[in-house]
Amino acid sequence: MSYDVVLLIEQALSSADADRVRGLHQGLLDDGEQVVYHVVLPVEDAGAQVQAAMGSLSGDLGAGRPADLLSPEEVREIDAAAHERAGGDLRASLESLAEAGATAEGALTDAEPVTALVAKVSEVDAAEVIVLTAPHVVSEFFHVDWTSRARRHLGVPVLHLLEHENFDEQAGEGEGVSGF
């Protein structure tokens, strides 16, 4: 029997992140029950971001329409590079979890992150969700961050951890974002 946990991440997990995640579940389960982590990593739409940024600049510089700035081939190349980078981050995350003694599988998604998370939770009948991100102070303040949105859509516990910060730092004891 497995206890399924879905991890929504935005970049590669460090070994310390994997240890923290794994440590949350050690010793809490019945004999014979195994935690299985299902990692979901959204691929940023790099082509659209570049087009939007260049479109903004073109208005300032009097250039042509945003669609004229990058060819479809250039957009595909940018997107391919984003997928390659995300694939490397996913592989590194799965390796970090394996080194921490965890059983994990993962997938990239081009879907909206919370939509992909909700789908994965339903697919694996997850018992809980962990969202691991860098701090996003403004979106967290307005409760439009991934964690807040996931809590509104899911009937399972949702924990938000900050990447690359230990629990003391996240609690305001260290030099993390909550310490200023």
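Given the structure is predicted, the values throughout are model-derived calculations rather than measurements.

Check the secondary structure of the chain and you find 7 helices and 5 strands. Expressed as a percentage of its 180 residues, the buried residues of the chain come to 37%. Here the analysis covers contacts within the chain between residues at least 6 apart in sequence; of these, 75% occur between residues at least 24 apart. Per element, the accessible surface of the chain, about 9,900 Å² overall, is 53% carbon and sulfur.

What follows covers the sheet that holds strand E2 (residues 34–42). The parallel open sheet is built from 5 strands, whose spatial order is E3-E2-E1-E4-E5. Edge strands, defined here as strands with exactly one partner in the open sheet, are strand E3 (103–109) and strand E5 (158–162). The sheet shows a mean angle of 20° between the axes of neighbouring strands, taken without regard to direction. The pairing of strand E1 (residues 2–9) with strand E4 (residues 128–133) spans 5 bridges and is parallel. Considered in E4, the bridge of Ile9 is made with Leu132. Its contacts with the sheet put helix H3 (residues 72–99) on E1, E2 and E3, and the angle it makes with E3 is roughly 170°. Those strands touched by helix H6 (residues 146–153) are E1, E2, E4 and E5, and its axis lies near 175° from that of E5.

Turning our attention to the packing of helix H4 (residues 113–124) against H6. Axis separation between H4 and H6 bottoms out at 10 Å; the angle between their running directions is 45°. Taken together, the axes of H4 and H6 are oblique relative to one another. Crossing geometry of H4 relative to H6 is assigned as right-handed. Of the residues in H6, those in contact with Pro113, Val114, Leu117 and Val118 of H4 are Trp146, Arg149, Ala150 and His153. Looking at the contact of H4 with H6, its residues break down into 6 nonpolar, 1 polar and 1 charged.

Turning to the nonpolar core, a few remarks are in order. Counting residues in hydrophobic clusters, the biggest one holds 20 residues, and the most contacted among them are Leu7, Ile9, Val21, Tyr37, Leu97, Ile130 and Leu132. For this core, the elements supplying multiple residues, two or more each, are E1, helix H1 (15–23), E2, H3 and E4. Excluding its chain neighbours within four sequence positions, the residues that come into contact with Val21 are Leu7, Tyr37, Leu97, Ile130, Leu132 and Leu161. Of all hydrophobic cores here, the second largest spans 15 residues; its members include Val6, Val121, Ala150 and Leu154.

Below, the discussion takes up H4. Spanning 12 residues, H4 covers 17 Å between terminal C-alpha atoms, matching the ideal 16 Å at 1.5 Å per step. Every buried residue of H4 is accounted for by Pro113, Val114, Ala116, Leu117, Lys120, Val121 and Val124. For H4, the angular spread of the buried residues around the axis is 155°, confining them to a single face. Residues of H4 that are exposed and point more than 90 degrees away from the buried face comprise Ser122 and Glu123. Its buried side turned inward, H4 meets E1, E2, E3, E4 and H6.

The rules behind these values
- Residues numbered from 1 in each chain as written.
- Predicted model: local features only at pLDDT ≥ 70, side-chain atom pairs only at ≥ 80, totals over all residues.
- Heavy atoms only, no water.
- Helix = DSSP H or I, 4+ residues; strand = E, 2+ residues; numbered from the N terminus.
- Buried < 20%, exposed > 50% of the residue type's maximum accessible area, 1.4 Å probe, protein only.
- Contact = heavy atoms within 4.5 Å.
- Areas by Shrake-Rupley, 256 points an atom, 1.4 Å probe, with all protein chains shown as cover.
- Pairing = 2+ DSSP bridges.
- Axes fitted to C-alpha atoms, helices over the stretch in contact; angles between N-to-C directions.
- Parallel < 35°, antiparallel > 145°, perpendicular 65-115°, else oblique.
- Left-handed = near helix turned anticlockwise from the far one by under 90°.
- Nonpolar A, V, L, I, M, F, W, Y, C, P; charged D, E, K, R; others polar.
- Core = buried A, V, L, I, M, F, W, Y, C linked by side-chain atoms within 4.5 Å.
- Expected span 1.5 Å × (residues − 1).
- Arc of directions from axis to C-beta.

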